[in-house]
Amino acid sequence: MTEKHIVLEDIDPVTFYGVGNAHLQMLKALYPKLRIVARDNVMRVLGDEQQMAAFEEAVERMRQHVIKFNGLKEEDILDITRGRRLNDDVPDDVVCYSVSGRPIKARSVNQQHLIDAFNDNDMVFAVGPAGTGKTYLSIALAVRALKDKSAKKIILSRPAVEAGEKLGFLPGDMKDKIDPYLQPLYDSLEDMLPPVKLQDMMEKHVIQIAPLAFMRGRTLSDAVVILDEAQNTTPAQIRMFLTRMGWNTKMIITGDTSQIDLPHSQKSGLIEALHILTGIEGIGVVNMTQKDIVRHRLVTRIVNAYEDFDRERTPQKQE
């Protein structure tokens with residue numbers, strides 16, 4: 001009798017075992033000559049040596065399927081265990097899959113330009129109004145890089161600039177005060193990575209989320225680095241951030257120049273960086289518009305209304 005321990009690396013074991021261990025029970029029925037005991041991400045298997053080899057091969061194929069598609073169906077298990085060929089090719093237009101198995105891909109022309117710019121450049125600026133998918137798509141590109149091992153870690157950052165509230169008045173310690181600023185980044189990650197896997201990656205610092213001030217003095221290598229809400233950086237802050245770039249690193253800088261929360265006397269670092277860096281080889285700039293908004297249709301109307309208001313108000317300020 002042979003005994004082996006199979007480790008389910010890089011996947012959420014809950015997804016693999018199925019709801020109520022339905023997938024695990026199915027595997028036990030398909031391999032009756034094996035005794036299979038699962039605990040966390042380790043499967044202890046005892047039994048017939050020949051069936052053990054077939055089981056190991058099937059488990060590896062299922063593991064690779066879960067990595068690609070963030071899901072596993074009963075028909076996938078049957079196809080794999082019966083030696084049928086699965087269509088495991090991810091379509092060219094899909095960046096990655098959400099935890100619900102939904103394909104994440106460009107939903108507008110400029111979103112596709114962002115994907116192309118990321119593929120062709122080491123640094124990309126994605127600028128546009130709220131709801132155009134700048135942050136979400138950028139994080140999807142980072143998750144894809146992590147899954148295909150072209151990057152070893154993801155580093156996400158935001159400037160902690162108040163939009164009406166004061167940081168010091170928020171309850172809790174420094175982490176508690178900073179987390180509300182970083183919540184949109186958590187939201188996107190939770191949509192693309194299973195909770196257990198995301199928690200594990202954060203504990204191992206494979207995924208790092210930190211306010212911009214914590215970047216000083218670091219060299220960021222072998223990573224996809226995203227600076228969100230860059231319109232709220234000062235020129236000195238964004239200059240510091242951009243020069244953190246190390247070997248085998250890609251940077252995405254996102255921002256909305258119509259939503260600057262800095263004091264009126266303070267110039268936005270994003271606007272200055274775009275003026276200085278546009279046209280430099282290796283740096284891509286993608287300008288998104290209202291046509292790229294993928295949130296509720298009212299968001300487009302709200303953005304348009306505020307832009308009309310700003311245009312009407314500008315001449316009055318000059319008089």
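Above this text is the structure in question.
Scoring rules and cut-offs
Residues numbered from 1 in each chain as written. Predicted model: local features only at pLDDT ≥ 70, side-chain atom pairs only at ≥ 80, totals over all residues. Heavy atoms only, no water. Salt bridge = Lys/Arg side-chain N within 4 Å of Asp/Glu carboxyl O. Helix = DSSP H or I, 4+ residues; strand = E, 2+ residues; numbered from the N terminus. Buried < 20%, exposed > 50% of the residue type's maximum accessible area, 1.4 Å probe, protein only. Pairing = 2+ DSSP bridges. Axes fitted to C-alpha atoms, helices over the stretch in contact; angles between N-to-C directions. Contact = heavy atoms within 4.5 Å.

A.B. asks: Can you walk me through the pattern of salt bridges in this structure?
C.D. replies: Oppositely charged side chains can form a pair if their charged atoms are brought close together. Going through the model one piece at a time under the given rule, you end up with twelve salt bridges. A salt bridge links Asp10 to Lys197; the nearest nitrogen and oxygen atoms lie 3.8 Å apart. Taken together, the residues Asp10 in the loop between strand S1 (2-7) and helix H1 (13-17) and Lys197 in helix H8 (residues 195-203) connect sequence positions 187 residues apart. Judged by relative accessible area, Asp10 falls into the partly exposed class, the value being 40%. Across the pair Glu60 and Arg63 runs a salt bridge whose closest N-O atoms are separated by 2.9 Å.

A.B. asks: Can you help me understand the sheet that holds strand S2 (residues 34-39) in this one?
C.D. replies: Within a sheet, each strand pairs with its neighbour through backbone hydrogen bonds, oriented either parallel or antiparallel. Across the sheet, which stays open at both edges, the three strands sit in the order S1-S3-S2 with antiparallel pairing between neighbours. Across the chains shown, the open sheet's two edge strands, defined by having one partner strand only, are S1 and S2. Sheet twist, expressed as the average angle between the axes of neighbouring strands with direction ignored, equals 15°. For S2 and strand S3 (residues 42-47), the ladder comprises six bridges, and the chain directions are antiparallel. What sits directly across from Arg39, in S3, is Val42. The sheet contacts of helix H3 (residues 49-69) involve S1, S2 and S3, and relative to S1 the element is tilted by about 5°.

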